[in-house]
Structures are given as C-alpha cells and as structure tokens.
Amino acid sequence: MDEQDIGLLSLNDLPLGARGVIHELADDPGLQSRMRALGLCHGRIVQVVRRVRFGTTLQVRVGNTDIALRAGEAALIGVEQLAA
Amino acid sequence: MKRLALLGMPNTGKSTFFNRLTGAGARTGNWPGVTVDLLAAKVLLGGDMVEVVDLPGVYNLDGYGDDERVVREFLGANPVDGLAIITDATQLDRQLILALQAKSFGLPGVLLVNMSDEARSLGIEIDLPALERQLGLSVVLLSARNGEGMPAARQSLTSMLHDSQVQGAVSPEAADPDLADKAYQLWSDTVTVPTTLNDTLTTRLDRIMLHRWFGLPLFFLIMLGVFQAVYTLGAPLQDLVASALDWGRGQVLEPLVTLLPGPVASFILDGLYDGIGTVASFLPVILLFFIFMSLVEGSGYLSRAAYLTDMIMARAGLDGRSFVMQLMGFGCNVPALMGTRIMGARGLRLLTMLIIPFSLCSARLQVFVFLVTALFSPRAAPLVLFSLYLFSFGTAFLTAMLFKRGLTHKEPFLLELPPYRLPVLRVVTMRAWHEVSHFLKKATLFIIAGVVLVWFLTHYPFDAEPASMETLAGTLSIWMEPLFSPLGIDRLMSITLLFGFVAKEVVLGAMAVIYSSGDAGLAAAVSGQMNWIQAYSFMLFVLVYTPCLSTIAVMQQESRDWRYTTIAVVWPLTLAWVMSLVFYQVATYFWG
Ligand SMILES: Nc1nc2c(ncn2[C@@H]2O[C@H](COP(=O)(O)OP(=O)(O)O)[C@@H](O)[C@H]2O)c(=O)[nH]1
C-alpha cells in the first residue's frame, strides 16, 4: 500500500488527544529498538496526551505506558490517524 | 556458589525486589569485564548460598545506552546460573520482549511479574499458566513493595537454580526485530485489560503536575523544597561532623603529636587529618541528597521534571534531568555530579558533569558573602551577588553550547514517564548508603593526596611561616604573578586560590592566615588590601575555576577517563582567567 493511500502522517502532526496506528519507526536500529521497548511498535495504537507549553516535546501513550519525546524523534514515527 | 542475575527494565521495582530478596547485606563491587560497580549480595535460597547481582535497568540488550553495554559486558564475562527477569504487570505489553530476549540466550530464567497490586486495581488479568506454557519459563506474580508473592518467587528461583546446569558466559546478539511482535502476540493471548484505562491516579495527578501553567512553577517549588530539605538538614549534620573532627584534633591528635618533630606533626594535623576531614564533610550532604533524589526519582516525578524543562535545555544539548542536577549543584556540586548516574546516556552525563561545577555552591557563596559585605555598600551587595548567579548560569550555558557537539550531538530524547508510585523508605536509604560508601571508596585517596600536596606547597620549607612568601607556594605565586597581575589578583590572593583548589571552605581561613589578621579583623584587612574591582575579579575567578578537589575526584570516578577529567579542570581555569582578565581590564579602564 502506498503511503498516500492510508494517509500516513508523522506523530508530530497527530492532533492533541487523537489516536493513530503506528506504521513507521525510526530507521536507526538503536533508536528503533528503544522505541519498541517503550511500546512504540508497528500496529500499535498511540495517543497524543499532551504538549508542553512553549516546547516541542510531547507526551504520548501506548497501552499503559506514557512516553515523553522530542519533535525530532516523533517526526520519525509514521502513524495513520484513527477516527475519533 | 550459584549466581543469579537480576534483569529488568527501568521502573519495574527491581531495586525494591532486590532489597526484599537480599536484605541489608548488599555491597557494590567490581566485576570482570564491567567498567562500573554493581550491587551484589549473598543470600540463602533453599539451603544454598546464592550470589545475587543487581544489573542496571535496561530497555533491551542490544541497545546503544551505557547501561545496556554494562549488562552485555557483565553477561559476556561472568557465568550466570540463572536470570530473574522482573517486569511490571501493568506494562507487560512491551516488557515481555526482554523476557524473550533473555530466553534466547539459553539461560534458565524466572519471570517475575511485579506490581501485582496495581494490576489488580486496574482490573488487569493475567493467565499465568498460559503465559508459563507459551513462554517456557516459570512465572510468578508478586508485589515487591508489600511482599505479596515473595515466598513463591523464592521458591521458583530456588528450583530454577537447583536444576540449572549451564555455567557459561553468554554473548547477547542483536535482537531479532520480530521479537516485539512476538512479545505483543504473547501478551494479547495471555493478558486481559479493561477497555478504558484512562482515568488512573497518574493521569489525574499529571493534569496538575504537568499543567500548562502550573507545571513549571510547581517544578521550581518542588526543587526548592528538595533543595531546602537536603541542605538545611545537611548543614547541622556537617557542623556536627566538623565539631567531632575538631574535638578529635584538639583532644586526641594534638596531644599525641606533640612528641613528634614539628613538620611531621604538621603533616599529620594539617595534611592527613584535614584531608580526612574534607572527605567526611561531604558525607552528610551526599547521604541526604540521595535520600531525597531517590524519593523524587522513585515517585516518578523526576522524568516529569525532565519533560517539563526539556525545552529550556534541549538547545544546549542537555535534557531536563541535567537541569535538575544543575539546580541541586547550587547546594553542593559533589552529590549533584554523582546524581548524573540516573541518566543512561554517557554523552549526556559527561556534558552535564561539565556544567555542574559552574553552579555557585554554598561553599563559594560563603566566600562571596564575606567579600561582598566587606567591599560593597549594603545597597550594591545583593546586586553583586545576583550578578554572580547570572555568571554561574551563563558560564554553564556557554560551556554546554561549546561542548555539546562533541558529547551529545545525536542523542535522542525518548523518556518513559512511569506511573506515580510511593517509594519504600528502606530502599531509598539503602541506595543513599551505597552512594556514600561508593564515594568513600573511590574518592578518599585522591582527596587526601590533594590536601597533602597543598599542605606541602604551603608548609615547605618547614622553617618558613606557613603560606608565606618563603614557602613553595610563595615561589609558585612569583612564577604565577605575570598570569595573575593582569587580573588584579596579587600574590597573596593567588595563594588563597591555591587553597581554594582544595575546598572553598578553607579560602577565608587561608586569607586570615595569609593576612595574619585573625578571623575578626579579616574584613578590615581585606578591604585595606584591594578595591572593589579587584575583589570582583577575584570572585569571578573563584566562581568559575575548579570548585574543589572533591569535584575532580568525583568526575574522575564517574567518567573513568583522565582525558575528560583534564578537560574538566583546564577549561574552567581558562574561562576563569579570561573572564577575570576582561572584567578587570575593562572595569579599570572605565572606573579605575
Ligand atoms: N504499587 C507498587 N509499587 C511498587 C512495587 N514495587 C516497587 N514499587 C515502587 O515503584 C517505584 C520504583 O521502584 P524501584 O525499585 O526504584 O524500581 P527500579 O527502577 O526498577 O529499580 C518505587 O516507588 C517503588 O516503591 C509494587 O509491587 N507495587
């Protein structure tokens, strides 16, 4: 399936409170395995919980795990937004 | 003796479990192939003595972090009879991956599913027999905090070790990328979670603690509280240690050494004993610092503090935890430097350790308050002090900007925000105690050697007046004069800088000796000797150059890299010199 078809967007662009299915992770193997260990894996549902004021760091939730990550890392994660 | 290694992701309650399993007898020690000390204890399991080793908490075994490397190196160089893999029952969806990875080494293992109390109240149900069957490991549900399930855990570990035949080191290879999917599948098959997990205590607390407007003020309030707790409780304890040492000196040591020749007596009193005193004076704050920091960390707040302050620090290549340690450094740099160990990534740690010494600690504050009171008007004094704090932050920021390229260039920021939890006091105090003994073990010799060296410089030749121009220090100050006179720092004051290298606490005492003024007349003596421009230049230098020998000892102990430690000493010295020079020359030109 083409990326365009499923409307893949970066985790950064997922609106606050919205949920999405993860389709892409960082290419770097080290970073990728850290993402997986935190629960950010292909096929899992991630939700944007919060963005700090003035900052680009965001808080997301996968399962029962909360994760803080910078926009730079979030940009490497491709998600398909789920309808509310 | 059989050996059991404890493996688990961070925040799974690994320390709490270790503490419960092993009690008070744990010690940190060296291991072949590993560059950091690990905590280990001997316990009786089913009639046999077993050595239990607490490995650092890691997210995976193939990762790039410092802690991951330590675990790999440990398992690679030290035969282990079995692994206890500890996980958080509420986050098994992602934590089973570590169990699968560990299993792939072929080592016997037991899966300990901790936080059973939380899982129960969240309504999470785990089909233990199915999990055991599919995983091929025995699984025990427990709560390390309240002790539930501990007998079963002991039982399982005992029988695993009893049956264990394998005794060989393993080399963890790169993880199979499908492992995460397998782990998730395993979890879906064996764990049921109620559909809405949303309004947990943590979520509700976070609405306040991470609030858009109140989050940062709350952070500063909490830090202020911790800071006050550590250092206001620490001060009387330090005084107590100091008076005990004074008593020992006056009542025991001085009468004893009167029989010895002068130089030997002086060596024992002003060299060795003062060195021991320097080491001892840090123990109360290190203990308190780690008690309170472990509370903040164990409660889950520390990573939130990092998240909240991340935007301030990201620019400088640091993260929020660096900021917390930098703030704590305003009390005392030494425990703050040791506290950087909570950051897994080495580059980040090294960069943070480079900036902490710029935090204006209480020992320097004492010198500044004295000089500012002696040389500035009451109206100017607070502003002068405030400007020093600005320089403190400024130099730290500048240093981070300059060195981030080399140290933290590409480090990602991806931080777990663990649920809020109540720390166990016994675990917290134990941890603090281990930090104190670690400091004693690693830094004592270095600090005493440094104190003895400065003693020698300021006392040799022994017929000269201590710290006078006739001593080695005096000679040194003559050589250094071309360096210091452009800063407005005269030879006498440059000798006090030499003392200040040992500890800033002794600077005022050294001045009193050098100006032979006694403590009472010192203010008058000093204000007669220098003008405000010289005093400010001197303070700038004191602010920026090496805070004390103990910080150097700790930087070496933590980095294990002499090159790094050398840079960490030379760079602030250079910066101190340049800043004082610029200030003195410019100020003299305009106001001199
Ligand atoms: N509710 C609950 N909390 C626990 C349990 N075990 C540990 N904790 C808490 O979880 C936090 C982290 O524990 P700690 O042992 O420091 O975790 P580590 O990072 O894995 O070493 C602390 O506040 C502990 O008191 C448990 O079984 N149940």
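Heads up: these notes are all about the structure in this document. Once a new chain begins, its residue numbering starts again from 1 and follows that chain's sequence as written. As a convention, the first chain written is A and the first ligand written is 1, with the rest following in written order. Local features in a predicted model are, by the rule used here, given only for residues with pLDDT of at least 70; side-chain atom pairs are given and counted only at 80 or more, and totals for whole chains, interfaces and linings are based on all residues. Note: side-chain values were computed over all heavy atoms of the structure, leaving out hydrogens and water.

The biggest cluster of nonpolar side chains holds 121 residues, and the ones touching the most others in it are Met328(B), Leu371(B), Phe439(B) and Met511(B). Here, residues are in contact when the closest pair of their heavy atoms is within 4.5 Å. Residues contacting Leu371(B), with those up to four places away along its chain left out, are Phe376(B), Met511(B), Val526(B), Met530(B), Phe538(B) and Met539(B). Within this scheme, the nonpolar core is defined by two criteria: the residues are buried Ala, Val, Leu, Ile, Met, Phe, Trp, Tyr or Cys, and they are joined through side-chain atoms within 4.5 Å. Working definition: with a 1.4 Å probe on protein chains only, accessible area under 20% of the residue-type maximum means buried, over 50% means exposed, and in between means partly exposed. Core analysis: the next-biggest nonpolar cluster, separate from the first, contains 68 residues, Ala26(A), Ala37(A), Val79(A) and Leu107(B) among them.

This part is about the packing of helix 17 (residues 381-407) of chain B against helix 25 (residues 562-591) of chain B. All names here are of chain B. The interhelical angle for the contact between helix 17 and helix 25, taken along N-to-C directions, is 125°, at an axis separation of 12 Å. It follows that helix 17 is oblique to helix 25 by the angle criterion. The chirality of how helix 17 crosses helix 25 is right-handed. Along the contact surface, helix 17 presents Phe-391, Thr-395, Leu-398, Thr-399, Leu-402 and Phe-403, while helix 25 presents Ile-567, Trp-571, Leu-575 and Met-579. Grouping the constituent residues of the contact of helix 17 with helix 25 by class yields 8 nonpolar, 2 polar and no charged. Axis lines are fitted to C-alpha atoms, over the contacting stretch for helices. Their N-to-C directions set the angle, which ranges from 0 to 180 degrees. Runs of H or I in DSSP of at least four residues are treated as helices and runs of E of at least two as strands, each being numbered from the N terminus. Working definition: roughly parallel below 35 degrees, roughly antiparallel above 145 degrees, roughly perpendicular at 65 to 115 degrees, and oblique for all remaining angles. Two helices crossing with the near one rotated counterclockwise from the far one by less than a right angle form a left-handed crossing, whereas a clockwise rotation gives a right-handed crossing. Residues were grouped as follows: Ala, Val, Leu, Ile, Met, Phe, Trp, Tyr, Cys and Pro as nonpolar; Asp, Glu, Lys and Arg as charged; and all remaining residues, including Gly, as polar.

Residues and elements named next belong to chain B. As summarised here, the arrangement of the 7 strands in space is 2-3-4-1-5-6-8, forming an open sheet in which the pairing is mixed. Looking along the sheet, the strands with just one partner apiece sit at the ends: strand 2 (27-29) and strand 8 (138-141). Neighbour-to-neighbour, the strand axes of the sheet open up by a mean angle of 30°, direction not taken into account. By the bridge criterion, 7 bridges tie strand 3 (residues 38-45) to strand 4 (residues 48-54) in an arrangement that is antiparallel. Bridging from a neighbouring strand, Ala-40 pairs with Val-53 of strand 4. When DSSP locates at least two bridges between a pair of strands, those strands are taken to pair.

Residue and element names in this part refer to chain B. Contacts to the ligand come from 18 residues, most closely from Ser-15, Thr-16, Asp-117, Gly-298 and Leu-422. One of the backbone nitrogen or oxygen atoms of Thr-12 is found 3.1 Å away from an oxygen atom of the ligand. Only the protein chains shown count as cover for residues, with accessible areas throughout obtained via the Shrake-Rupley method and a probe of 1.4 Å. For the ligand, whose free accessible area comes to 580 Å², the fraction covered by protein is 89%. Broken down by secondary-structure element, the contributors of at least two residues to the shell around the ligand are helix 1 (14-22) and helix 4 (116-122). It is helix 1 that provides the largest number of residues to the shell around the ligand, a total of 3 residues. Grouping the amino acids of the shell around the ligand by side-chain chemistry returns 5 nonpolar, 8 polar and 5 charged. The cutoff for a nearby residue is simple: one of its non-hydrogen atoms must lie within 4 Å of the molecule or strand. In protein, a polar contact means a hydrogen-donor-capable atom and an acceptor-capable atom, both N or O and within 3.5 Å, with residues adjacent in sequence counting only if both atoms are side-chain atoms; elsewhere, any N or O pair within 3.5 Å suffices.

As a further point, take the side chain of Thr471(B). All names here are of chain B. Inspection of the secondary structure assignment puts Thr-471 in the loop between helix 18 (425-459) and helix 19 (472-484). We classify Thr-471 as buried; its relative accessible area is 0%. Polar contacts involving the side chain of Thr-471 include one to the main-chain carbonyl oxygen of Ser-468, which spans 2.7 Å. Not counting chain neighbours up to four residues away, the residues in contact with Thr-471 comprise Leu-457, Thr-458, His-459, Tyr-460, Pro-461, Ala-464, Glu-465 and Pro-466.

A few words on the interface of chain B and chain A. In this assembly, 37 residues from chain B lie in contact with 32 residues from chain A. Both faces considered, chain B and chain A share a buried interface measuring about 3,200 Å² in area, 53% of it formed by carbon and sulfur atoms. What counts as buried area is the accessible surface, traced by a 1.4 Å probe, that two parts surrender upon association, with contributions from both included. It is Tyr64(B), Tyr307(B) and Leu414(B) that lose the most area in chain B upon contact with chain A, and together they represent 22% of the buried surface on that side. Here, a salt bridge means any Lys or Arg side-chain nitrogen found within 4 Å of an Asp or Glu carboxyl oxygen. Linking chain B with chain A are 3 salt bridges, by the criterion used here. Across the pair Arg34(A) and Glu68(B) runs a salt bridge whose closest N-O atoms are separated by 3.4 Å. Along the contact surface separating chain B from chain A lie 16 residue pairs in polar contact (both at pLDDT 80 or more). Secondary structure elements with two or more residues in the side of chain B that touches chain A: helix 3 (92-103), helix 7 (179-190), helix 8 (201-209), helix 11 (301-308), helix 12 (310-314) and strand 10 (414-417) of chain B. Of the residues assigned to the side of chain B that touches chain A, the class counts are 20 nonpolar, 6 polar and 11 charged.

Let's shift gears to helix 13 (residues 320-328) of chain B. All names here are of chain B. Across the 9 residues of helix 13, 9 count as buried, placing the element largely inside the fold. Inspection of helix 13 places Gly-320, Arg-321, Ser-322, Phe-323, Val-324, Met-325, Gln-326, Leu-327 and Met-328 among the buried residues, and these make up the whole buried set. One side-chain oxygen at the N-terminal end of helix 13 lies 2.8 Å from the backbone nitrogen of Arg-321; it belongs to Asp-319.

To pair, rings of Phe, Tyr and Trp, with the six-membered ring standing in for Trp, must have centres within 6.5 Å; the planes then decide the type, stacked if under 30 degrees apart, edge-to-face if over 60, and tilted in the middle. Counted according to the given criterion, the structure contains 25 aromatic pairs over all chains. On the numbers, 5.4 Å between centres and 70° between planes, the contact of Phe484(B) with Phe541(B) is edge-to-face. Of this pair, Phe484(B) sits in helix 19 while Phe541(B) sits in helix 23 (residues 532-544); the two residues are 57 residues apart in sequence, bridging distant segments of the chain. Here Phe484(B) matches Phe541(B) in class, with each residue buried. Look at Tyr536(B) and Phe583(B): their rings are 4.8 Å apart centre to centre, the planes differ by 45°, and that puts the pair in the tilted class. Taken together, the positions of Tyr536(B) in helix 23 and Phe583(B) in helix 25 put the pair 47 residues apart, joining distant regions of the chain. When its relative accessible area of 19% is taken as the criterion, Phe583(B) is described as buried. Following the ring pairs from residue to residue traces out a cluster consisting of Phe376(B), Trp532(B), Tyr536(B), Phe583(B), Tyr589(B), Phe590(B) and Trp591(B). When the NZ atom of lysine or the CZ atom of arginine is within 6 Å of a ring's centre and also within 35 degrees of its normal, the charge is said to sit over that ring. Above the face of the Trp187(B) ring, Arg44(A) is positioned so that its terminal group lies 5.9 Å from the ring centre.

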